[in-house]
Amino acid sequence: MSKTRTREQGDGDVAALDQLAREDAGSRAQFLKMVGGAGAAGALAIFVAACGGDDEEEEPSGGGSSDSGSSGGGKASKGDIAIVNYALTLEHLESAFYQQVLESGEIKDPKIGEVAKSISEDEMMHVEALTATVEQLGGKPAKAPQTAFDDVIAGGPQMILETAASVENLGAAAYLGQAGNIKNKEILAAALSIHSNEGRHAAVLNEAVGKSIVPDGAFAKPATMEEVLKAVKPFIKA
Amino acid sequence: MSKTMTQPELAAIEVKGMTREAFIMRGAIAAGGVYGLSTVGPFVGQAMAQGGGGDLDILNFALTLEFLEGAFYTMAVKSTKGLTGDAKEVATTLRDNELEHVDALTATIKDLGGKPVKAPGVDFGDAFASQDSFLELAQTFEDLGVGAYNGAGPMIEAVEVLAAAGSIVQVEARHAGVIRLLRGERIAPSAFDKGLEMQEVLDAAKPFIKA
């Protein structure tokens, strides 16, 4: 029973994607474009396949006591791979952003520059780690999307930092939104270890632009895949 | 099965000015999206019973840490010598957040049929002698809190408890990042906040807990 609940509750995003995928070809193409890049489209394909195959996964029916979806230590479901690729797409986006920001030389304040550099390093590590994870799981890592940050960077330091803050808060919410969907414990541990790192970035950038370090109060709010993809759309080239 | 997926957005419903009740409701609403709201209470209890009480232990472990942090910032705001400016503002925010965590975890444990642990006696030594010494210990506590939740996360059975723990750990991480910023430290000790074993956390917290 608890297995069923875990699955069904975890399928919120899958259901949303599934619905999108089933709609007319036009909106599906639009969605693929929104996700951006062949790599991400590939990730979506895996994701949709995972949705369709949801019922194929064996329920540990009856007898087997509390085997609630988390004991499958080594095995990763297609859904987990898709989630890791989704995270990887976001990390590619973040990583590209900070690299472009640092190259632009727009950030003059040395303290802020140091923060941006350390965040950039973290994001690159996340890209590497998630890429390796997808490969290890036998999946195909999402490619870096083509990004569109020129206008943001041309907007100067304030716009750069505000965008960085938005992206980090979104990234943290994105990881939080997937925690309950991840089936494999090791992948969950990895996702949690990145999630809180994004939370650190988000709070520090919020502080830098004069926003609350905890914009949701004492309890951070999750974001669905749909919400996140919609929010990052402006930064991905069609 | 697909009929139960019609309200995925409920799981991420936004609750303005989240109260203790709202916090509990987040998990309940998520379950309610699947099973219907009236069945949520008993359902959560049942899920916990099946989980074998492990989640309750984790929640009580988290509650102990939150008590420690709540007491720490409450005392810090009152008595840290020379606490001013950004550091004072941050300390106040952190105090409020930690006290909300205490309330929420206490209520959740009760709601699940468990018995919340009592607040431990605390001793923070000379931590409040200066703003610097306060910030130094604050960093220790926040990084520890992040590691504690991240370590416990994968052991959590119930999705709604995991969601709650995730929601709290992100706030702890936000605290940790900002405290480190104030101290001029790298905002993250590593790109990955590794989970800590429960025993490691308890050992690290022990010097500040009075027997």
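Keep in mind it's a predicted model, so treat the numbers as computed, not measured.

Conventions used here
Residues numbered from 1 in each chain as written. Chains lettered and ligands numbered in written order. Predicted model: local features only at pLDDT ≥ 70, side-chain atom pairs only at ≥ 80, totals over all residues. Heavy atoms only, no water. Helix = DSSP H or I, 4+ residues; strand = E, 2+ residues; numbered from the N terminus. Buried < 20%, exposed > 50% of the residue type's maximum accessible area, 1.4 Å probe, protein only. Areas by Shrake-Rupley, 256 points an atom, 1.4 Å probe, with all protein chains shown as cover. Contact = heavy atoms within 4.5 Å. Phe/Tyr/Trp six-rings, centres within 6.5 Å; stacked < 30°, edge-to-face > 60°. pLDDT = per-residue confidence, 0-100. Patch = residues over 30% accessible without salt bridge, like charges linked within 9 Å, V, L, I, M, F, W, Y side chains within 5 Å. Salt bridge = Lys/Arg side-chain N within 4 Å of Asp/Glu carboxyl O. Arc of directions from axis to C-beta. Core = buried A, V, L, I, M, F, W, Y, C linked by side-chain atoms within 4.5 Å.

To continue, consider the overall build of chain A. Each helix and strand counted, chain A has 10 helices and zero strands in total. Its helices and strands taken in sequence order, chain A reads α-α-α-α-α-α-α-α-α-α from the N to the C terminus. Out of the 238 residues in chain A, the part that is buried amounts to 57%. Counting only carbon and sulfur atoms, one obtains 54% of the accessible surface of chain A, whose full area is about 9900 Å².

Another aspect to go through is the environment of B:Leu56. For B:Leu56, the location among the structural elements is in helix 3 (residues 54-79). Sequence spacing of B:Leu56 and B:Pro116 is 60 residues, and the spatial spacing of their C-alpha atoms is 8.7 Å.

Our next topic: the side chain of A:His195. By the secondary structure assignment, A:His195 is in helix 9 (residues 185-208). If we ignore the near neighbours within four places in the chain, the residues touching A:His195 are A:Ala172, A:Tyr175, A:Leu176, B:Gly166, B:Val169 and B:Gln170.

Moving on, we get to the packing of aromatic side chains. Summed over all chains, the structure comprises 13 aromatic pairs over all chains. Here A:Phe97 and A:Phe149 contribute two aromatic rings whose centre-to-centre distance is 4.7 Å and whose plane-to-plane angle is 45°, an arrangement assigned as tilted. Taken together, the residues A:Phe97 in helix 5 (residues 78-104) and A:Phe149 in the loop between helix 6 (110-136) and helix 7 (150-154) connect sequence positions 52 residues apart. The exposure class assigned to A:Phe97 is buried, which follows from its relative accessible area of 1%. Judged by relative accessible area, which is 1%, A:Phe149 ranks as buried. By way of ring pairs, the aromatic residues B:Phe72, B:Tyr73, B:Phe124, B:Phe128, B:Phe134, B:Phe141 and B:Phe208 are connected into one cluster.

So, about the confidence of the model for chain A. Residue and element names in this part refer to chain A. For chain A, per-residue confidence averages 77 on the pLDDT scale, and residues scoring 70 or more make up 68% of the total. Between the elements of chain A, mean pLDDT differs from a low of 34, seen in helix 1 (residues 2-10), to a high of 98, seen in helix 8 (residues 157-179). Contacts of residues 1-74 to residues separated by more than four positions or lying in other chains number 101 contacts, the stretch itself having pLDDT below 50.

The next point concerns a nonpolar patch on the surface. Taken together, the side chains of B:Met155, B:Met198 and B:Leu202 present a nonpolar region at the surface, about 240 Å² in accessible area. Within the secondary structure layout, B:Met155 lies in the loop between helix 5 (131-152) and helix 6 (159-183).

It is worth spelling out helix 10 (residues 225-232) of chain A at this point. Taken as a whole, helix 10 of chain A has its buried residues at A:Met225, A:Val228, A:Leu229 and A:Val232. On an axial view of helix 10 of chain A, the arc spanned by its buried residues comes to 95°, and they lie on one face.

Core analysis: the largest hydrophobic core is formed by 66 residues, its most contacted members being A:Phe97, B:Phe72, B:Phe124 and B:Phe134. For this core, the leading source of residues is helix 8 of chain A, giving nine residues. Every residue in contact with A:Phe97, bar those within four places of it in the chain, is listed here: A:Phe149, A:Val152, A:Ile160, A:Thr163 and A:Ala164. Counting 44 residues, the second-largest nonpolar core is a separate cluster that includes B:Leu56, B:Ile58, B:Tyr149 and B:Ala173.

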